[in-house]
Amino acid sequence: MGNFYGIPSEETLGKRSIDLSQHFTFEEYMKHIGSQSGASKAITDIPINLFPMPNVIERLNASFNRLATIPEPLSFHLPHLSHLDLSHNQIATLPDSFRFLLHLKTLNLSSNVLQRFPVVAICRLPQLEHLDVSSNRLLVYPDEMGHVTTLRRLNLSQNLLTRFSLSRRQATVTMEVVLAYYNRCHDNPPQSVCDEGSDATLSFFRKKYQEEKEKEEKEEEEENVVEFPRLRGSISEAIMQAKFSPSGQPTQRQLGRATLRGATSSLNPTEVADKVCGLIYGAALGDAFGLCTEFMTEDQCRFHYGGGRLSIENMVRDRHRLKWTPGDWTDDTDQLILLLDSLILWGGVVDEMDFAERLLQWATRGFPELGDTVGFGIGNTVGKCLNDKVFVKNPHDVAERVWMSCGNVNAANGAVMRTAILGLPNFDDVDEVTQNATRICKATHADPRCQASCVAVSVMIATMLKGDADTSTAEGVEGVLDAARRAARPLLTEDDHAKDFEYYMNCKDFLSVKCCESRKIGYTFKPLGAACVALRKRIDYKTAISDLIMLGGDADTNAAVVGAVLGCKCGYSRLPADWLASLLPKQKSWLNAKINCLLDLMGLP
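Procedures and definitions
- Residues numbered from 1 in each chain as written.
- Predicted model: local features only at pLDDT ≥ 70, side-chain atom pairs only at ≥ 80, totals over all residues.
- Heavy atoms only, no water.
- Helix = DSSP H or I, 4+ residues; strand = E, 2+ residues; numbered from the N terminus.
- Buried < 20%, exposed > 50% of the residue type's maximum accessible area, 1.4 Å probe, protein only.
- Areas by Shrake-Rupley, 256 points an atom, 1.4 Å probe, with all protein chains shown as cover.
- Lys, Arg positive; Asp, Glu negative; His and termini not counted.
- Charge placed at Lys NZ, Arg CZ, Asp CG, Glu CD.
- Phe/Tyr/Trp six-rings, centres within 6.5 Å; stacked < 30°, edge-to-face > 60°.
- Lys NZ or Arg CZ within 6 Å of the ring centre and 35° of its normal.
- Salt bridge = Lys/Arg side-chain N within 4 Å of Asp/Glu carboxyl O.
- Axes fitted to C-alpha atoms, helices over the stretch in contact; angles between N-to-C directions.
- Contact = heavy atoms within 4.5 Å.
- Nonpolar A, V, L, I, M, F, W, Y, C, P; charged D, E, K, R; others polar.
- Pairing = 2+ DSSP bridges.

Trainee: Quick rundown of the overall build of the protein? Include the residues and the values.
Mentor: Within the protein, the secondary structure is distributed over 23 helices and seven strands. When the backbone C-alpha atoms are referred to their principal axes, the protein occupies close to 90 × 85 × 50 Å. In the protein, which comprises 605 residues, the proportion classed as buried is 55%. Surface exposure of the protein reaches about 27100 Å², of which carbon and sulfur atoms provide 51%. Separation of charge centres in the protein, based on 65 positive and 76 negative side chains, amounts to 1 Å.

Trainee: Could you give me a rundown of the packing of aromatic side chains, with the residues and numbers involved?
Mentor: By the definition in use, this model includes 18 aromatic pairs. Judged by centre distance (5.4 Å) and plane angle (65°), the rings of Tyr-281 and Tyr-572 are edge-to-face. Placement of Tyr-281 in helix α9 (residues 269–290) and of Tyr-572 in the loop between α21 (555–570) and α22 (577–582) is noted, with a sequence separation of 291 residues between them. Considering the side-chain rings of Tyr-504 and Phe-525, the 6.2 Å spacing of their centres and the 45° angle between planes classify their relative orientation as tilted. Placement of Tyr-504 in helix α18 (residues 495–505) and of Phe-525 in helix α19 (residues 525–537) is noted, with a sequence separation of 21 residues between them. Using a relative accessible area of 2% as the deciding quantity, one classes Tyr-504 as buried. Accessibility expressed as a relative area gives 0% for Phe-525, which makes it buried. In this structure an aromatic cluster arises from ring pairing among Phe-117, Tyr-141, Phe-164, Phe-204 and Phe-205. The cationic tip of Lys-323 hangs over the ring face of Phe-26; the distance from NZ or CZ to the ring centre is 5.3 Å.

Trainee: Explain the pattern of salt bridges to me, using residue names and the numbers behind them.
Mentor: Taken as a whole, this structure holds 19 salt bridges when the rule is applied. Ionic pairing is found between Glu-517 and Lys-526, a salt bridge with its closest N-O pair at 2.7 Å. The partly exposed category is assigned to Glu-517, whose relative accessible area is 23%. Residues joined in a network through salt bridges with shared partners are Arg-168, Glu-212 and Glu-216.

Trainee: Please set out the packing of α18 against α19 residue by residue, giving values where relevant.
Mentor: At a minimum axis separation of 8 Å, α18 and α19 run at an interaxial angle of 30°. Where α18 approaches α19, its residues His-497, Asp-500, Phe-501, Tyr-504 and Met-505 are matched on the opposing element by Phe-525, Lys-526, Leu-528, Gly-529, Cys-532 and Arg-536. Class assignment of the residues belonging to the contact of α18 with α19 gives a composition of six nonpolar, two polar and three charged.

Trainee: Go over the sheet that holds strand β4 (residues 106–108) with me, naming the residues and quoting the values.
Mentor: Two orientations exist for strands paired in a sheet by backbone hydrogen bonds: parallel and antiparallel. Strand order in this open sheet of seven strands is β1-β2-β3-β4-β5-β6-β7, and the pairing throughout is parallel. Looking at strand neighbours, the two that pair on one side only are β1 (17–19) and β7 (177–179), the edges of this open sheet. Across this sheet, the average inter-strand angle for adjacent strands is 5°, counted without regard to direction. Judged from the three bridges that link them, strand β6 (residues 153–155) and β7 form a sheet pairing that is parallel. Its bridge partner lying in β7, Asn-155 is registered against Leu-179. Its contacts with the sheet place helix α10 (residues 298–305) against β5 (130–132), β6 and β7, and it is angled at close to 120° to β7.

Structural data, given as structure tokens:
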């Protein structure tokens, strides 16, 4: 990138993106924000000689530093700049010369110390589309911003605003997302409206302008009224076609038999191997991409990733996501891999005691071979189990006590995220799959709803591997779901649990899953319902996962489960190549070695 205090290298001259941000670990970030001395590795100014003229730099990321001011000549040195990230600094103002960034489309000033809105610097940017000034100290949002008709996405959340306004054109034509959570707005609009989200906020302004428009039209009509010279005495008169059928390829289905502890499939071994790899990588991809929007609202997803911006490269870096390197998966896939390791070691035998021991080791040190020091992302239920001294010796009893201590109402999703892989051992024996999924679920989650969701997902996988249902047809998909329903439903003895289960099993669109439902985003039936939707919609992996995680909530868990199910359905060969390339190379090589052992164990090509 060149020397900050010397002449930039020729490599810098041809680069279109410069990254000056500090890529902290979570621990480093906490030290950084707590430091009063500034003795971190963060920079305090932007050296202008880093950007010689001319250059073709389009993106500059200077986030997570200690910048207090921006050099006046910056805009003249970066004439082609279109994306600028200055978030997580100490910036109180911007130079007026900012208005000369004629190509700037995205500006991130979140988590700074702005008290006054830099009107001249921002209001005259001719191509600004995406503006984030959240988490500052702004008291006023200037009316002049109403003239910025190019603005599409605006985040004003967590300031001190008592009011703000959009222009009529912004509210009715150009604006896509407006976030204004946690301010102090009175009546224009009320804070209660802002806290409901973007749709409610935009609806407020649209209604306001519609009423004003109707009033203006009425006044105009009254002004233009011409009295008719009426003569009294007269009266006026008024007025999917399936790609393959189950019976279409009987010969192909007789070509080979895939095995794992005696399991057989009507698919040929190459197809089964493709589905096994698709299951594992489908889960990992869904998990890694789901992290982009985990715990966000739908509005926040649209703000940060709308307009096709959803990618690992554009992942928001905040306190939560700093725990992982972009391109890594989270604890959801880690726990699936723990089960994978156990299956490999025990030749396909499922052992909850072995899993419990592996889970405890992972929680305390992660995967050291990947550079981990601890297992990140452990849920509350799993954490309570792990803290019990006898967990490894008797995980089922410990999980039962934890569940009872919570009033027998805790049905979290911390088990369903890992159990898709339990559809592999003896996949042609539903009873065996059901028992395996139940035992591993109960190692940490005793609630019957958790068990039912784990069984349903595992049986979906097993049914597809068995090859008796053509999932390219609606009939075949319902056959897979019916098999899952028959296996899981007997575990639910309470009527309200059974009713809830049927609701999610019958979901036909992702909105019905209610990903951001208050106090229930981690409900175990939500990823199950999302998996049912994904199979029914019969759309490609990338579209399904993108649509799902753009709804927010516990997005990585929902997407990990859906990713495993869709990955098994379509096979590894149909997973998106560009997404696979986004995963960290070291993790992929490490996981590939394990999958190869599994395929060997199954006798697959």
